[in-house]
Amino acid sequence: MFFHSPSHGDMETEVFIAGSGPIGATFAKMLVDAGHRVIMAEIGAADSFTSKPRVDSPSAAGHSDEYSVTFAPNQVVVPGYHKKNEIEYQKDIDRFVNVIKGALSTVSVPTSNVNVATLDPASFQNTKEKPFISLGKNPAQNPFSNLGAEAVTRGVGGMTTHWTCATPRLCTDIERPILDTNPDTNNTLWDELYDEAEKIIGTSRTEFEKSIRHNLVLRTYQNIYKDKPAEEQHTFLPLPLACHRMPDPDYVEWHATDRILETLFTDDKKKQLFTLLTNHRCTRVIPKHFRAGEENEIEAAEVKCLLPHAEDRTNSTFHIRAKVYIVACGSVATAQVLANSNVPKDFQPPKNKDPRDLIIDTKLMPNLGTYITEQPMTFCQVVLDANLINSVPENPFDLGSWWDKKVNDHREHNPEDPIPIPFRDPEPQVTIPFSKERPWHVQIHRDAFSYGGVAENIDTRLIVDYRWFGYVEPQERNKVVFQQLYEDAYGMPQPTFHFEMSEDDRRRARDMMADMCSVALKIGGYLPGSEPQFMTPGLALHLAGTVRAGLDEETTVANTYSQVHKFPNLYVGGNGVIETGFGANPTLTSLCYAIRSANSIIEKLKPEPKA
Ligand SMILES: Cc1cc2nc3c(=O)[nH]c(=O)nc-3n(C[C@H](O)[C@H](O)[C@H](O)COP(=O)(O)OP(=O)(O)OC[C@H]3O[C@@H](n4cnc5c(N)ncnc54)[C@H](O)[C@@H]3O)c2cc1C
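Predicted model, so just to flag it, every value in this text is computed and none were measured. (Residues numbered from 1 in each chain as written. Predicted model: local features only at pLDDT ≥ 70, side-chain atom pairs only at ≥ 80, totals over all residues. Heavy atoms only, no water.)

Peer 1: Run through the overall build of the protein, naming residues and quoting values.
Peer 2: A count of helices and strands for the protein gives 12 helices and 30 strands. Over its C-alpha trace the protein gives a radius of gyration of 25 Å, about what one expects of a compact globule, namely 25 Å for 611 residues. The 611 residues of the protein split such that 58% are buried. Once local pairs closer than 6 in sequence are excluded, the contacts in the protein between residues at least 24 apart make up 75%. With the model as given, the accessible surface of the protein reaches about 26,000 Å², and the carbon-plus-sulfur share is 52%. (Helix = DSSP H or I, 4+ residues; strand = E, 2+ residues; numbered from the N terminus. Rg over C-alpha atoms; globule rule 2.2 N^0.38 Å. Buried < 20%, exposed > 50% of the residue type's maximum accessible area, 1.4 Å probe, protein only. Contact = heavy atoms within 4.5 Å. Areas by Shrake-Rupley, 256 points an atom, 1.4 Å probe, with all protein chains shown as cover.)

The following block contains the structure:
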């Protein structure tokens with residue numbers, strides 16, 4: 001069940017989870033499946049739903065606990081649905097750009113030097129001494145070392161309520177982290193985890209195989225490159241995507257966190273074990289002591305109801321006691337909750353110091369927020385070549401009668417349409433996987449992001465988006481730190497980035513741009529306004545390394561089971577655990593870590609065998 005403004009005092013459970021994104025949800029699903037009681041706190045609201053058949057009580061009418069909405073008999077409501085599944089966006093993907101923009105809150109906005117010279121002189125102005133500090137505005141942020149587009153999404157399902165659903169595996173060269181020092185064992189471990197993660201999120205490589213545009217782009221590239229010399233070879237494949245095609249083949253259902261949480265809402269037995277508190281902030285987890293370097297443990301999670309009813313405003317902060325605590329609040333907020341957990345309750349910040357220099361000391365959890373990585377990104381859009389479009393009626397790749405039928409039906413019903421492709425033909429979804437030779441991840445597709453919407457007077461069927469994602473080496477000097485005196489919009493310590501690319505990273509980014517341009521121009525010309533460009537750092541939204549998990553305790557926050565060093569009952573989840581630099585989209589890999597971690601927690605919670 002889920003509710004957003006309960007009146008409750010302290011609570012008790014077996015497992016406490018902060019964050020309801022896909023990673024928190026994976027922990028919840030696996031632990032409830034194993035019979036454990038779980039309370040999950042989510043700082044945002046439940047704002048996207050689907051309805052699913054109830055499992056155990058086929059005669060009962062579906063009923064949402066909080067909203068008192070009655071659904072069709074046998075149906076229950078599950079939160080965390082992908083918003084792009086709405087018919088409005090299935091019909092016009094460019095409208096979804098605004099949904100994504102609305103879902104993203106920028107993490108750190110530099111304000112030390114903000115000066116509006118043309119402002120009415122009698123209006124209130126900030127000054128260099130007292131810059132703006134509300135809603136993520138951050139006087140401590142140096143714009144030169146910012147991840148200016150890094151953002152978070154708050155709400156049940158986290159970022160998967162709008163994500164692109166690309167779920168590639170990390171490449172064994174460079175990208176893939178080490179869970180075991182024996183390379184063969186390591187690869188076997190990863191293969192097994194990836195198989196399971198793909199099952200949980202529902203990855204497929206075949207959902208676009210009956211698309212004209214997809215085949216046009218994929219096969220044209222495969223043909224162009226097949227006779228190239230070895231050093232110019234590129235491998236073009238369908239992009240692995242977490243989705244499935246609907247009974248109406250014009251539409252797909254994009255997978256999100258609802259899919260992971262589903263049985264916790266539809267199965268009456270599991271429902272008893274699971275509580276989801278929405279609009280509840282996990283402020284910190286409370287350590288037994290504050291002595292650095294010593295074994296420690298978490299005694300409780302401090303949780304605050306952000307929208308209390310008038311009568312319980314005074315006790316909106318309460319504690320949840322559990323055997324195991326899991327923080328899975330996304331890359332930034334997981335480190336933020338842990339940083340806050342390093343501050344003793346009676347701590348007083350020093351006076352007479354520049355507040356910009358006052359940073360939380362995370363001595364209980366060394367390496368927290370260090371060695372962060374984020375992907376440099378290039379982008380452009382291309383209008384497909386006229387010859388390519390004109391070749392469509394000839395079925396140029398001999399793909400059988402489905403192609404001819406689609407084209408002929410469309411032309412018969414729409415003789416005025418200059419383009420011989422059905423209006424609802426699914427978009428291209430092509431990738432070139434990351435490799436040692438070309439160390440970047442590629443998406444050649446048509447999709448919505450927070451940018452790149454196509455103008456209403458242009459036909460989207462002619463447009464292809466090119467997104468290249470590079471990697472950076474993890475470096476100790478690249479950090480996110482948390483301010484003692486500035487708070488973010490949700491009352492948590494304000495994050496500040498210190499991020500710079502190395503010389504190698506910069507050179508690689510240039511090579512990546514050159515590669516994108518050379519590939520893009522082979523099948524079309526740039527869409528005016530969407531010529532090749534580097535995007536603002538952070539825009540990939542693939543920040544990692546904030547709570548890195550690994551074998552080397554000197555450079556990590558947690559072990560390879562995502563258990564925080566020195567804290568046997570504290571675990572972390574999300575992209576922050578990935579310790580390597582990588583170009584691919586990270587969520588599938590973070591699911592792998594969560595699966596590995598949840599299995600070890602289930603082992604730990606097993607009752608001692610009776611002697
Ligand atoms: C436009 C877009 C496209 C993307 N495309 C892809 C893609 O194709 N492939 C891919 O792999 N990834 C993609 N991503 C990123 C992907 O969505 C994330 O990697 C994934 O959602 C991370 O999961 P998570 O559970 O770790 O964190 P999140 O999804 O960020 O969820 C964390 C949750 O924790 C909550 N929270 C934060 N602080 C607190 C607190 N103090 N207390 C309680 N709750 C808290 C948040 O509200 C949030 O709901 C995309 C994201 C966007 C926005």
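Peer 1: Give a description of the domain arrangement of the protein that names residues and reports values.
Peer 2: Quite often, the size of an interface is put as the accessible area lost when its parts meet. Domain annotation for the protein reports domain 1 (2-112 + 130-205 + 240-376 + 470-499 + 537-604) and domain 2 (206-239 + 377-469 + 500-536). A separation of 32 Å is found between the C-alpha centroids of domain 1 and domain 2. Domain 1 puts 51 residues into the contact, and the matching count from domain 2 is 41 residues. Roughly 3,800 Å² is buried in total at the junction of domain 1 and domain 2, and carbon and sulfur atoms are behind 59% of that figure. Our count for the domain 1 to domain 2 interface comes out at two salt bridges. (Domains from an automatic or database assignment. Buried area = accessible area lost by both parts, 1.4 Å probe. Salt bridge = Lys/Arg side-chain N within 4 Å of Asp/Glu carboxyl O.)

Peer 1: Account for the pattern of salt bridges, naming residues and giving values.
Peer 2: Taken as a whole and judged by the stated rule, the model has 31 salt bridges. In this structure, Arg-37 engages Glu-12 in a salt bridge whose closest nitrogen and oxygen atoms are separated by 3.5 Å. Remark: Glu-12 occurs in strand β2 (residues 11-12) and Arg-37 occurs in the loop between α1 (22-33) and β4 (38-42); sequence separation between them is 25 residues. Among the salt bridges present, the one from Asp-33 reaches Lys-270, with a minimum N-O distance of 2.9 Å. Here Asp-33, found in helix α1, pairs with Lys-270, found in helix α7 (residues 268-273); they are 237 residues apart in sequence, far enough to count as distant. By relative accessible area, which is 36% here, Asp-33 ends up partly exposed. If you follow the salt bridges from partner to partner, you end up with Asp-94, Arg-446, Asp-465 and Arg-467 in one network.

Peer 1: Tell me about the packing of helix α4 (residues 183-201) against helix α12 (residues 587-605), residues and numbers included.
Peer 2: Between α4 and α12, the shortest axis-to-axis distance is 8 Å and the interhelical angle comes to 105°. On the basis of the axis angle, α4 is roughly perpendicular to α12. Residues Leu-189, Trp-190, Leu-193, Tyr-194, Glu-196, Ala-197, Glu-198, Ile-200 and Ile-201 of α4 lie in contact with α12, whose contacting residues are Leu-588, Thr-589, Leu-591, Cys-592, Tyr-593, Ile-595 and Arg-596. Of the residues in the contact of α4 with α12, the class split is 12 nonpolar, one polar and three charged. (Axes fitted to C-alpha atoms, helices over the stretch in contact; angles between N-to-C directions. Parallel < 35°, antiparallel > 145°, perpendicular 65-115°, else oblique. Nonpolar A, V, L, I, M, F, W, Y, C, P; charged D, E, K, R; others polar.)

Peer 1: Just give me the short version of the site of the ligand, but keep the residues and values in it.
Peer 2: Taken together, 37 residues surround the ligand, and among them Glu-42, His-162, Ala-166, Asn-575 and Thr-587 come closest. Ile-23 is positioned such that a nitrogen or oxygen atom in its backbone is 3.1 Å from an oxygen atom of the ligand. Contacts to the ligand include Asn-575, whose side-chain N or O atom sits 2.8 Å from an oxygen atom. Here the ligand loses 97% of its free accessible area of 980 Å² to cover by the protein chains. Mapped onto the shell around the ligand, the elements with two or more residues apiece are α1, β4, β18 (280-287) and α8 (330-341). Here the residues of the shell around the ligand sort into 18 nonpolar, 16 polar and three charged. (Near = heavy atom within 4 Å. Polar contact = N/O pair within 3.5 Å; in protein donor to acceptor, adjacent residues only side chain to side chain.)

Peer 1: Can you lay out the UniProt feature "domain: Glucose-methanol-choline oxidoreductase C-terminal" (unreviewed entry) in the protein for me, pointing to particular residues and giving the numbers?
Peer 2: Look at the UniProt record and you will see "domain: Glucose-methanol-choline oxidoreductase C-terminal" (unreviewed entry) annotated at residues 474-592. End C-alpha to end C-alpha, residues 474-592 measures 20 Å, and it is 20% helix and 19% strand. (UniProt positions renumbered as here; feature names shortened; annotations may be inferred.)

Peer 1: Summarise a nonpolar patch on the surface; cite the residues concerned and give the values.
Peer 2: Side chains of Val-114, Val-116, Leu-119, Phe-124 and Phe-132 sit close together on the surface and give an oily, nonpolar patch of about 460 Å² of accessible area. Along the chain, Phe-132 falls in the loop between β10 (109-110) and β11 (137-138). (Patch = residues over 30% accessible without salt bridge, like charges linked within 9 Å, V, L, I, M, F, W, Y side chains within 5 Å.)

Peer 1: I'd like a description of the packing of α1 against helix α6 (residues 257-266), backed by residues and values.
Peer 2: Orientation of α1 relative to α6, taken along the N-to-C sense of each, is 25°, at an axis distance of 9 Å. As far as their axial angle goes, α6 and α1 are roughly parallel. When the axes of α1 and α6 are compared, the crossing they make is left-handed. From α1, Pro-22, Ala-25, Thr-26, Ala-28, Lys-29, Val-32 and Asp-33 reach across to α6, where they touch Thr-257, Ile-260, Leu-261, Thr-263 and Leu-264. (Left-handed = near helix turned anticlockwise from the far one by under 90°.)

Peer 1: Quick rundown of the side chain of Lys-270? Include the residues and the values.
Peer 2: At 2.9 Å, the side chain of Lys-270 forms a polar contact with the side chain of Asp-33. Setting aside residues no more than four positions away along its own chain, Lys-270 makes contact with Val-32, Asp-33, Thr-263 and Leu-264.

Peer 1: Explain the sheet that holds strand β20 (residues 317-321) to me, and be specific about the residues and the numbers.
Peer 2: Sheets are built from strands paired through backbone hydrogen bonds, the pairs being either parallel or antiparallel. Taken together, the four strands give an open sheet; going across it, the order is β2-β20-β19-β18, and neighbouring strands pair in mixed fashion. In this open sheet, the two strands that pair with only one neighbour each are β2 and β18. (Pairing = 2+ DSSP bridges.)

Peer 1: Give a detailed account of the layout of surface pockets, specifying residues and quantitative values.
Peer 2: Its boundaries defined by the atoms lining it, the second largest pocket holds a volume of some 550 Å³. As for the second largest pocket, its lining consists of 30 residues, of which Lys-91, Asp-92, Ile-93, Asp-94 and Thr-460 are closest to the centre. Looking at which element gives the most residues to the lining of the second largest pocket, the answer is helix α2 (residues 87-91), with three residues. Grouping the amino acids of the lining of the second largest pocket by side-chain chemistry returns 12 nonpolar, four polar and 14 charged. Two domains each provide a minimum of three residues to the lining of the second largest pocket, namely domain 1 (2-112 + 130-205 + 240-376 + 470-499 + 537-604) and domain 2 (206-239 + 377-469 + 500-536). (1 Å grid on protein atoms, 1.4 Å probe; cavity = no way out; pocket = protein on both sides within 12 Å on 5 of 7 lines; lining within 4 Å. Points joined across faces, edges and corners; volume = space filled by probe spheres on them.)

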